[in-house]
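# Results of the structural survey
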Amino acid sequence: MQLAQRAAGISPSPTLAIDAQAKAMKAKGVKVINFSAGEPDFGTPEHIKQAAIDALAAGFTRYTPVAGIPELRQAICASLAARGVTYEPADIVVSCGAKHSLYNAMQVLLNAGDEVILSAPYWVSYYEQVKLAGGVPVVVTTGPDTGFKLTPGLLEAAITPRTRLLILNSPCNPTGAVYSREELAALAEVIVARDLIVISDEIYAALLYDGLTHTSIASLAPEVKERTILIDGVSKTYAMTGWRIGYAAAPRPVAKAMTDLQSHSTSNPTSIAQKAAVAALTGSQEAVEMMRREFEQRRNRILAGLRELPGIECNQPGGAFYVFPYIGKLFGRKFRGRVLGNSTDVATALLNEFQVAVVPGVAFGAEPYLRLSYATSMDQIEAGLERLRAFVTELE
Ligand SMILES: *Cc1c(COP(=O)(O)O)cnc(C)c1O
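Every value quoted in this text rests on a predicted model; they were computed, and no experiment measured them.

The rules behind each value
Residues numbered from 1 in each chain as written. Predicted model: local features only at pLDDT ≥ 70, side-chain atom pairs only at ≥ 80, totals over all residues. Heavy atoms only, no water. Axes fitted to C-alpha atoms, helices over the stretch in contact; angles between N-to-C directions. Helix = DSSP H or I, 4+ residues; strand = E, 2+ residues; numbered from the N terminus. Parallel < 35°, antiparallel > 145°, perpendicular 65-115°, else oblique. Left-handed = near helix turned anticlockwise from the far one by under 90°. Contact = heavy atoms within 4.5 Å. Nonpolar A, V, L, I, M, F, W, Y, C, P; charged D, E, K, R; others polar. Expected span 1.5 Å × (residues − 1). Buried < 20%, exposed > 50% of the residue type's maximum accessible area, 1.4 Å probe, protein only. Arc of directions from axis to C-beta. Pairing = 2+ DSSP bridges. Near = heavy atom within 4 Å. Polar contact = N/O pair within 3.5 Å; in protein donor to acceptor, adjacent residues only side chain to side chain. Areas by Shrake-Rupley, 256 points an atom, 1.4 Å probe, with all protein chains shown as cover. Domains from an automatic or database assignment. Salt bridge = Lys/Arg side-chain N within 4 Å of Asp/Glu carboxyl O.

What follows deals with the packing of helix H4 (residues 70–81) against helix H11 (residues 271–282). Packing of H4 against H11 brings their axes to within 9 Å, and their N-to-C directions diverge by 25 degrees. In terms of axis orientation, H4 runs roughly parallel to H11. For the crossing formed where H4 meets H11, the hand is left-handed. Contact residues: Glu-71, Leu-72, Ala-75, Ile-76 and Ser-79 in H4; Gln-274, Lys-275, Ala-277, Val-278, Leu-281 and Thr-282 in H11. Of the residues that constitute the contact of H4 with H11, the class distribution is six nonpolar, three polar and two charged.

Here the focus is helix H3 (residues 46–57). Spanning 12 residues, H3 covers 16 Å between terminal C-alpha atoms, matching the ideal 16 Å at 1.5 Å per step. By the burial criterion, the buried members of H3 are Ile-48, Ala-51, Ala-52 and Ala-55. All buried residues of H3 fall inside an arc of 95 degrees around its axis, so they share one side. Of the exposed residues in H3, those oriented more than 90 degrees away from the buried face are Glu-46 and Ala-57. Check the buried side of H3 and you find it contacts H11. After H3 finishes, the residue Gly-59 shows a positive phi value of roughly 75 degrees.

The subject of this paragraph is the environment of Pro-70. Tracing the sequence through the fold places Pro-70 in helix H4. Residue Pro-70 is classed as exposed on the basis of its relative accessible area, which comes to 53%. With 19 residues separating them in the primary sequence, Pro-70 and Pro-89 have C-alpha atoms 6.9 Å apart.

Okay, the packing of helix H12 (residues 286–307) against helix H14 (residues 378–394) next. Two numbers describe how H12 lies on H14: the axes approach to 10 Å, and their chain directions differ by 10 degrees. Looking at the two axes, H12 sits roughly parallel to H14. Each of Gln-297, Arg-298, Arg-301, Ile-302, Gly-305 and Leu-306 in H12 lies in contact with H14, whose residues at this interface are Met-378, Ile-381, Glu-382, Leu-385 and Leu-388. The class makeup of the residues in the contact of H12 with H14 is six nonpolar, two polar and three charged.

Most of strand S3 (residues 115–120) sits inside the fold, with six of its six residues counted as buried. Judged by which residues are buried, S3 turns out to be covered on both faces: Glu-115, Ile-117 and Ser-119 on one side and Val-116, Leu-118 and Ala-120 on the other are all buried. Looking at chain direction, S3 and strand S4 (residues 136–141) are connected through six bridges and run parallel. Counted as the bridge partner of Ser-119 is Val-140 from S4.

Following Asn-173, the chain continues to Pro-174 via a peptide bond in cis, the omega torsion being 25 degrees. On the secondary structure map, Pro-174 appears in the loop between strand S5 (163–169) and helix H8 (181–193). Pro-368 follows Glu-367 through a cis peptide bond whose omega is -5 degrees. Residue placement: Pro-368 occurs in the loop between strand S13 (359–360) and strand S14 (370–373). With a phi close to 55 degrees, Ala-239 is a non-glycine residue in the positive phi region. With respect to the helices, strands and loops of the structure, Ala-239 is situated in the loop between strand S7 (228–233) and strand S8 (246–249).

This paragraph deals with the site of the ligand. Close to the ligand lie 13 residues; Ala-98, Asp-201, Tyr-204, Ser-235 and Lys-236 are nearest. Between the ligand and the protein, one listed contact pairs an oxygen atom with a side-chain N or O atom of Asn-173 at 2.8 Å. Burial of the ligand by the protein chains amounts to 95% of its free accessible area of 380 Å². When its residues are assigned to classes, the shell around the ligand shows five nonpolar, four polar and four charged.

Time to look at the sheet that holds S4. As summarised here, the arrangement of the seven strands in space is S2-S8-S7-S6-S5-S3-S4, forming an open sheet in which the pairing is mixed. The sheet is open, and its two borders are formed by strand S2 (92–95) and S4, each paired with just one other strand. Going across the sheet, the axis of each strand differs from the next one's by a mean of 20 degrees, ignoring polarity. Strands S2, S7 and S8 of the sheet are contacted by helix H10 (residues 252–263), whose axis makes an angle of about 30 degrees with S2.

What follows is about the domain arrangement of the protein. Assigned domains of the protein: these are domain 1 (5–43 + 287–394) and domain 2 (46–282). Taken together, the contact pairs 35 residues of domain 1 with 31 residues of domain 2. Applying the counting criterion to the domain 1 and domain 2 interface returns one salt bridge. Counting the contacts that link domain 1 with domain 2 gives 16 residue pairs in polar contact (both at pLDDT 80 or more). For the side of domain 1 that touches domain 2, the secondary-structure elements that each account for two or more residues are helix H2 (14–27), H12 and strand S9 (322–323). Considering each element in turn, the side of domain 1 that touches domain 2 owes the most residues, six residues, to H12. Of the residues contributing to the side of domain 1 that touches domain 2, the split by class is 18 nonpolar, 11 polar and six charged.

Listed below in structure tokens is the structure:
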């Protein structure tokens, strides 16, 4: 059957594809070390699960307001206030995951041919979502020289009369880059001067290391906030990826348009998951800090281990749960008779011959890198590092 052009143009998520391949190998009994996961390996904290059980027992199983229950939108406002941004519940739209919030935002903001600036390495879904909304992704490549961060100069150079939107993601998936307040202020100057809208994906705001603190670009000034669609959710902070609760905080007309769009697609996100999200945001944050600390220790271990490997260099990520090593020095070398030419060759060799699942940088619009998620146990990290060492020492 002939598909619509819209569907024919979609590339499937390469990160989910590799994760699925690794899981399939695991199911067959192969001992795979999986560094490809894009989600915390922790379980959802007990008090959050209990809130969903209670909601279910109380019969909280009907439609809710499309944009989310008032209680949850209030809790989101309180959580954002702690970040230095003031929103009212009417500015908040709760959706089926932050991915859905991003999708809704692009659908209501982009006209055909509008250009959207993405800084590579970028999260894969931005690119596809821009295209699905009829927009044109304009990729600006960043590297270790700027800590994988967009600078005002790079941004300026990418702006054309068709530029409408910039997508920022700090802390960043896949690089772990964290923008400082000063760096964001410098970008905000350009955003305001050139009348751009910014989608600020802050899904990893709670996962910061080395004493770094999170700044939301919306908190810098009213004229920045009125151009910002702030995106966050409970998936990464509270180990709740399967619950599908994300949200947008946006200028009122944008929030209304996103709600109207959602009213004709998914309607409200799951009622009991919303109650669980209220418990997550308003309850004890102890588990969040426990997970953050554990991630920081793992980051330290995997970073030190990678830096010991000949031919591999790695920037220190300040947040999220990924490392993004540079593997350019491995290209041109031979593995079992075949020359390694790109990040896919390296990722394929690692998965098939060493049972280590990593995501090739090309999936994020960036060569020559790999993304390794350290949302896995310290034992797996140790074992994975050993296999990586075996791989690089075998190269000719
Ligand atoms: C995981 C992730 C999301 C989506 O999270 P959900 O709330 O589970 O949809 C959005 N942006 C980035 C950068 C992510 O890594």
